[in-house]
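# Examining the three-dimensional arrangement
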Amino acid sequence: ITPKLTVKIGAEVKAGDSLFYSKSDERILFPSPVSGIVEDIIRGERRKVLEIKIKADATQQFADFGKKEAAKMSGEEVKTHLLASGCWPFVKQRPYDVVANPNQAPKAIFVSGYASAPLAADLDFTLAGKEAELQAAITAVSKLTEGKVHVSVGANSNSPLANIKEIELHKVSGPHPSGNVSTLIANIDPINKGEVVWVVTPQDLIVIGELLLTGKYNATRTVALTDSKFSNPQYVTAIAGAAIADVTAGNLVNDNTRIIS
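I will try to describe carefully the structure that is included in this document.

## Observations concerning the overall build of the protein
The helix and strand inventory of the protein stands at 6 helices and 14 strands. Here the protein has a C-alpha radius of gyration of 19 Å; the compact-globule value for 261 residues is 18 Å, and the two agree. Scored against the burial criterion, the 261 residues of the protein give a buried share of 41%. In the form shown here, the protein has an accessible surface area of approximately 14300 Å², with 49% of it arising from carbon and sulfur atoms.

Set out below in structure tokens:
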């Protein structure tokens, strides 16, 4: 997307307030993950926006989008709410893995709840206790398609996603890339010419679900710090958009380390 800024340096924002929108569709907003003051806007060549730096408040203030009961919402109401709250960019479109076009209807929606990649966080652990948020999000997202919502979990896992209603559940096993959402799509409902499917990650479903249940945009996530360069591999809770240097501070074996996700 091409971002068009809605804030200036020195502006005060709440978590959930818009920072920029997509030039191609002004409805697609990208929200601030934290409340605080916009300290700097870093631009590159031809004034391309590279970074928006926000000095976060010690106590977070949230924009109030109002509690919603997903079961009583229409597909159009769900779409409008996700666009207004800045949650729409969580919905990705295949082919191309870009932010979904809200003017196009997908033939199905896919969620991969099984992470087969080496060193990936265990989704059974990171999603634990979030059943209410996941159900609210699935109920809402399912209204965006006339097709099915396909969800995969590990064959022997104890995933919170396994007991969610209004989904088509698939049990997945085998080596990587069995957990990749593209593998799921190719085996269950391949994309033909002219068709699109939408994809949402379980972590993003939790943000959407919490928005519906509480009216708050809470971009807090549980991520895994793994592999030999960490002196203490562990799960940490971080807010999306946090500086990686802060997340890994004091935990790296040496400075000659590349952090990849």
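## Considerations on the sheet that holds strand 5 (residues 36–43)
Read from one edge of the open sheet, 3 strands run 2-5-6, paired in antiparallel fashion. The open sheet has two edge strands with one neighbour each: strand 2 (12–13) and strand 6 (49–56). The pairing of strand 5 with strand 6 spans 7 bridges and is antiparallel. Each residue of the ladder has a partner; that of Val38, found in strand 6, is Ile54.

## A word on the nonpolar core
Cys87, Trp88, Ile138, Trp198, Leu205 and Ile208 are the most contacted members of the largest nonpolar core, which totals 47 residues. Mapped by element, the contributors of at least two residues to this core are strand 3 (18–22), strand 4 (25–31), strand 5, helix 1 (75–85), strand 9 (109–112), helix 3 (131–141), strand 10 (149–154) and helix 5 (202–214). Those residues in contact with Ile208, other than ones at most four positions away along the chain, are Leu82, Cys87, Phe90, Ala137 and Val200. The next biggest cluster of nonpolar side chains, apart from the first, holds 8 residues, and it includes Ala108, Phe110, Ile185 and Val199.

## Details of the environment of Gly241
Along the chain, Gly241 turns up in the loop between strand 14 (234–239) and helix 6 (244–248). For the pair Gly241 and Asn187, spaced 54 residues apart in sequence, the C-alpha to C-alpha distance is 33 Å.

## Digging into the packing of aromatic side chains
Counted under the stated rule, the structure contains 4 aromatic pairs. Relative to Tyr235, the ring of Phe125 lies with its centre 4.5 Å away and its plane at 40 degrees, an arrangement referred to as tilted. Within this pair, whereas Phe125 is found in helix 2 (residues 123–126), its partner Tyr235 is found in strand 14, the two being separated by 110 residues in sequence.

## Details of the pattern of salt bridges
On inspection of all chains with the given rule, the structure shows 7 salt bridges. Here Lys72 and Glu69 are joined by a salt bridge, their closest N and O atoms 3.8 Å apart. Take Lys72: its relative accessible area is 66%, and that puts it in the exposed class. Note that Asp204 and Arg221 form a salt bridge whose closest N and O atoms lie 2.6 Å from each other. Linking Asp204 in helix 5 with Arg221 in strand 13 (residues 220–225), this pair joins segments that are 17 residues apart in sequence. A relative accessible area of 9% means that Asp204 is categorised as buried. Sharing partners across several salt bridges, the network here consists of Lys107, Asp189 and Glu195.

What counts and how
- The numbering scheme is per chain: residues are counted from 1 as the chain's sequence reads.
- Whole-chain, interface and lining totals are the exception, using all residues; otherwise, since this is a predicted model, local features are given only for residues with pLDDT of at least 70 and side-chain atom pairs are given and counted only at 80 or more.
- To obtain the side-chain values, all non-hydrogen atoms of the structure were included, while hydrogens and water were left out.
- Going along the chain from the N terminus, every DSSP run of H or I of four or more residues is numbered as a helix, and every run of E of two or more is numbered as a strand.
- Each radius of gyration is computed over the set of C-alpha atoms, and the globule rule expresses the reference value as 2.2 Å times the number of residues to the power 0.38.
- Under the scheme applied here, a residue whose accessible area is under 20% of the maximum for its type counts as buried, over 50% as exposed, and between as partly exposed, the area being computed with a 1.4 Å probe on protein chains only.
- What sets the accessible areas is the Shrake-Rupley method with a 1.4 Å probe; for residues, cover comes only from the shown protein chains.
- What makes two strands pair is DSSP finding at least two bridges between them.
- As used in this record, nonpolar core signifies buried Ala, Val, Leu, Ile, Met, Phe, Trp, Tyr and Cys residues forming a set joined through side-chain atoms within 4.5 Å.
- Contacts between residues were defined by any pair of non-hydrogen atoms, one from each residue, lying within 4.5 Å.
- Only rings of Phe, Tyr and Trp enter the pairing, Trp through its six-membered ring, and a pair is recorded when the two centres are within 6.5 Å. The plane angle decides the type: under 30 degrees is stacked, over 60 is edge-to-face, the rest tilted.
- One speaks of a salt bridge when a side-chain nitrogen belonging to Lys or Arg is within 4 Å of a carboxyl oxygen belonging to Asp or Glu.

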